[in-house]
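# A structural walkthrough
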Amino acid sequence: MPTHVAVIMDGNGRWAQQRGLPRHEGHRAGATAVRETVYGALEIGLRHLTLYALSTENWKRDADEIHAILDLLHSEVSADPFQDLDVRLRWHGGADRLPTDLVDLLRLRERTTRTRTALTLTMCINYGGRDEITRTAAALARSTARGQLDPDLISEKDFAQHLPHPDMPDVDLLWRTGNEQRTSNFLPWHATYAELYFTPNLWPDTDRRDLWQAVTEYSRRQRRHGATPHQPERASRADGDPRDG
Ligand code: FPP
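Since this is a predicted model, take the numbers as computed values, not measurements. (Residues numbered from 1 in each chain as written. Predicted model: local features only at pLDDT ≥ 70, side-chain atom pairs only at ≥ 80, totals over all residues. Heavy atoms only, no water.)

Quick look at the site of the ligand now. Around the ligand, a shell composed of 18 residues is seen, among which D10, G13, R14, R23 and R61 lie nearest. The backbone of G11 places a nitrogen or oxygen atom 3.3 Å from an oxygen atom of the ligand. Separating an oxygen atom of the ligand from a side-chain N or O atom of R23 is a distance of 2.9 Å. Contact with the protein chains hides 91% of the accessible area of the ligand, taken as 630 Å² for the molecule alone. (Near = heavy atom within 4 Å. Polar contact = N/O pair within 3.5 Å; in protein donor to acceptor, adjacent residues only side chain to side chain. Areas by Shrake-Rupley, 256 points an atom, 1.4 Å probe, with all protein chains shown as cover.)

Set out below in structure tokens:
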């Protein structure tokens, strides 16, 4: 069972296009798939689910589409569909360029849900991996300038402690829908050793069974983290696999 599943929810625009609908209808249907996925995550006891809702690159899109996504995010967070469930909401990303009322609402939900423990749902809104790394480097520079860190002794652990969310665990499974095989500036620090899982379905067609399928696929993978693969028992080597020699 993975601890942390991160999802690139791709294919909303194509889903709408296939139905002759405006793109924002695809995002609306995508929000329904988000609710469904969260229910599915709670049912299997997943601890961390992180969703890429708006990237720093998405600002290049048509202004109407961006406004539609921001309005949708505001109405979803405002509707608070998980209020009776043990879901902690977190927001990951920069406040710059986001409407103040959305930032205030996200901070409010972070505060009011902070004692919930079953599932941490992190919404990445105005998030970019390089932006996160750059902010972390700036935070490290501030610590060294204050004399709290020796630049020659900075470790990976120090770096991780200066990330915007130092308590976010590594991603075990990075899942992207929509038939594209890229990680698109998503969680580069946390997903270094993530298992990658790409599926052809468009995000609005996703339901909880797709999450369970993703978790099942993860459970079949052998994770090594740079170590040598698990050695088979002596008896099975005697069966004569020449690679064991
Ligand atoms: C990518 O599909 C999707 C997005 C940029 C927006 C994702 C946002 C939501 C699903 C809204 C709801 C989210 C939450 C967390 C409530 P695309 O538009 O790039 O699709 P395409 O590749 O088919 O054009």
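Most of strand β2 (residues 48-55) is tucked away, with seven of its eight residues classed as buried. Relative to β2, strand β1 (residues 4-8) runs parallel, the two sharing five bridges. Of the residues in β2, the one forming a bridge with A6 is T50. (Buried < 20%, exposed > 50% of the residue type's maximum accessible area, 1.4 Å probe, protein only. Helix = DSSP H or I, 4+ residues; strand = E, 2+ residues; numbered from the N terminus. Pairing = 2+ DSSP bridges.)

Since the α-helix turns once every 3.6 residues, residues separated by three or four places project in the same direction. Helix length check: helix α3 (residues 63-79), at 17 residues, gives a terminal C-alpha distance of 24 Å against a target of 24 Å (1.5 Å per residue), a fit within 8%. Considered for burial, the residues of α3 that qualify are E65, I66, I69, L70, L72, L73, E76 and V77. For α3, the angular spread of buried residues about the axis comes to 160°, placing them on one side. Opposite the buried face of α3, at more than 90 degrees from it, the exposed residues are D64 and D71. Against the buried residues of α3 lie α2 (23-44), β2, β3 (87-92), α4 (100-112) and β4 (119-127). Put simply, D62 is the residue that caps the front of α3, since its side-chain oxygen is 3.1 Å from the backbone nitrogen of D64. Where α3 terminates, the next one or two residues include D80, which has phi positive at roughly 55°. (Expected span 1.5 Å × (residues − 1). Arc of directions from axis to C-beta. Contact = heavy atoms within 4.5 Å.)

It is at 10 Å that the axes of α2 and α3 come closest, and there the two elements cross at 30°. In terms of axis orientation, α2 runs roughly parallel to α3. α3 is crossed by α2, and the crossing has right-handed handedness. Listed contacts from α3 to R23, H24, H27, R28, A31 and R35 of α2 are E65, A68, I69, L72, E76 and A79. Class assignment for the residues of the contact of α2 with α3 results in five nonpolar, two polar and five charged. (Axes fitted to C-alpha atoms, helices over the stretch in contact; angles between N-to-C directions. Parallel < 35°, antiparallel > 145°, perpendicular 65-115°, else oblique. Left-handed = near helix turned anticlockwise from the far one by under 90°. Nonpolar A, V, L, I, M, F, W, Y, C, P; charged D, E, K, R; others polar.)

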